[in-house]
Each structure stands twice: as C-alpha cells, then as structure tokens.
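Commentary on secondary and tertiary structure
Letter by letter, the chains look like this.
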Amino acid sequence: MRKRGIRYKSVCKGITPANLKGFFVGWPKKPSPAALLKILKKSSYVFLAVDAKSKNIIGLISPVSDKTLSAYIPLLEVLPEYRGKGIGKELIRRMLGRLKKYYMIDLLCDPGLRKFYESAGMKPSLGMRVRNYKRQAGC
Ligand SMILES: CC(C)(COP(=O)(O)OP(=O)(O)OC[C@H]1O[C@@H](n2cnc3c(N)ncnc32)[C@H](O)[C@@H]1OP(=O)(O)O)[C@@H](O)C(=O)NCCC(=O)NCCS
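Now for a look at the structure at hand. All of these numbers come straight from a predicted model, not from anything done at the bench. (Residues numbered from 1 in each chain as written. Predicted model: local features only at pLDDT ≥ 70, side-chain atom pairs only at ≥ 80, totals over all residues. Heavy atoms only, no water.)

Of the regular secondary structure elements, the protein holds 3 helices and 7 strands. Dimensions of the protein, computed from the C-alpha atoms along their principal axes, are close to 40 × 35 × 30 Å. The proportion of buried residues among the 139 residues of the protein is 37%. Residue pairs in contact within the protein that sit at least 24 positions apart in sequence constitute 57% of those at least 6 positions apart. Taken as a whole, the protein presents about 9,200 Å² of accessible surface, with 55% of it coming from carbon and sulfur. Charged side chains of the protein number 30 positive and 8 negative; the gap between the two group centres comes to 6 Å. (Helix = DSSP H or I, 4+ residues; strand = E, 2+ residues; numbered from the N terminus. Buried < 20%, exposed > 50% of the residue type's maximum accessible area, 1.4 Å probe, protein only. Contact = heavy atoms within 4.5 Å. Areas by Shrake-Rupley, 256 points an atom, 1.4 Å probe, with all protein chains shown as cover. Lys, Arg positive; Asp, Glu negative; His and termini not counted. Charge placed at Lys NZ, Arg CZ, Asp CG, Glu CD.)

Between its first and last C-alpha, helix α2 (residues 87-98) extends 17 Å over 12 residues, near the 16 Å set by a 1.5 Å rise per residue. Of all the positions in α2, only Ile87, Gly88, Glu90, Leu91, Ile92, Met95 and Leu96 are classed as buried. Packing partners of the buried residues in α2 comprise β1 (6-9), β2 (47-51), β3 (57-61), β6 (76-78), β7 (104-106) and α3 (114-119). (Expected span 1.5 Å × (residues − 1).)

Following this line, the structure appears as structure tokens:
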C-alpha cells in the first residue's frame, strides 16, 4: 500500500460499520463494528486512517478527555496488513498535536511498545488498571 493511498480524517461522518471491519485483533471478545462506530462517535476526539480506494478505515486512535486538563488514549490500532508503513506513527503524531493544550496525556501499553511511544515524544510512567473481561465486547 503506497502512502498516497491513505487519507486521514478527524470525524466519523459517513462511516458505517461495514467500513470498520477487522479491528481488535487478538481480543477474545471483540466489540462488533457497530460497537466500534459507537465508541468512535462517543470519543472526545478521533483520527482515522482511510484506504482511499476502498474507503475502509484501516487505522484509528480515539482519546477521551475532560476537555480541560487531561486526555487518555484507550485505543490505537492499525489493521495488520497495513502495519509497518508509518500509519500508527502518523496517527499518534496527529493526535498528540491535537491534544497538546492539555496538561496530562496518558495511555497504557505493553513493554514492547515503549520505544514506539517514546519516538512520538512520550515518556514511560507507572500505570494501574481494572479489566472487566465480561464486558470486553462492550456489551
Ligand atoms: C502499534 C501499532 C498501532 C503500530 O502501527 P504501525 O502503523 O504498524 O506503526 P508504524 O509503521 O508507524 O511504526 C512506527 C515505528 O514503531 C515501530 N513499531 C511499530 N509497531 C511496533 C510494535 N508492535 N512493537 C514495537 N515497535 C513497533 C516500527 O518498527 C517503527 O519504527 P521505525 O520508525 O524505527 O521504523 C500497530 O502495530 C498495532 O495496531 N498493533 C496492535 C494494537 C496495539 O498494540 N495498539 C497499541 C495499544 S497501546
């Protein structure tokens, strides 16, 4: 996939569940494409990478924020066949630019992703979490 075949957008307008297939790779219980569309619409901000030819969403990042002091980034994913082409890096770059007015921008990640986020200008920190696996699909 050539880079010029990818477009970026910051609104969900015109997107249907059919454009949102294939996300949550490796999750035992995945939110459906319809649930993902709901998640994106209810997020405080969104950046989407779109395959210009198919119009399908192939990468996404979706922070939630109090719109005053802080933002948290629960989801960043690029579909497997589009990975390693700079799309993830571009999504986090655009999103950190959008969120730069906030004091706190946080996310949790596995240790293997530390360098990826450090290269975007983020710093490691200690995080804590709760996971309700019965609710993993969002319903
Ligand atoms: C993490 C993810 C979004 C990266 O997207 P991507 O489009 O493949 O990343 P890029 O092509 O922009 O890679 C940018 C750099 O990060 C590195 N990188 C990408 N994915 C990585 C990973 N999983 N682990 C370690 N390094 C990674 C690349 O090697 C590249 O390094 P370079 O600039 O030195 O060449 C993608 O692998 C993904 O969707 N993973 C599954 C979901 C996930 O883990 N999301 C993060 C939740 S915290």
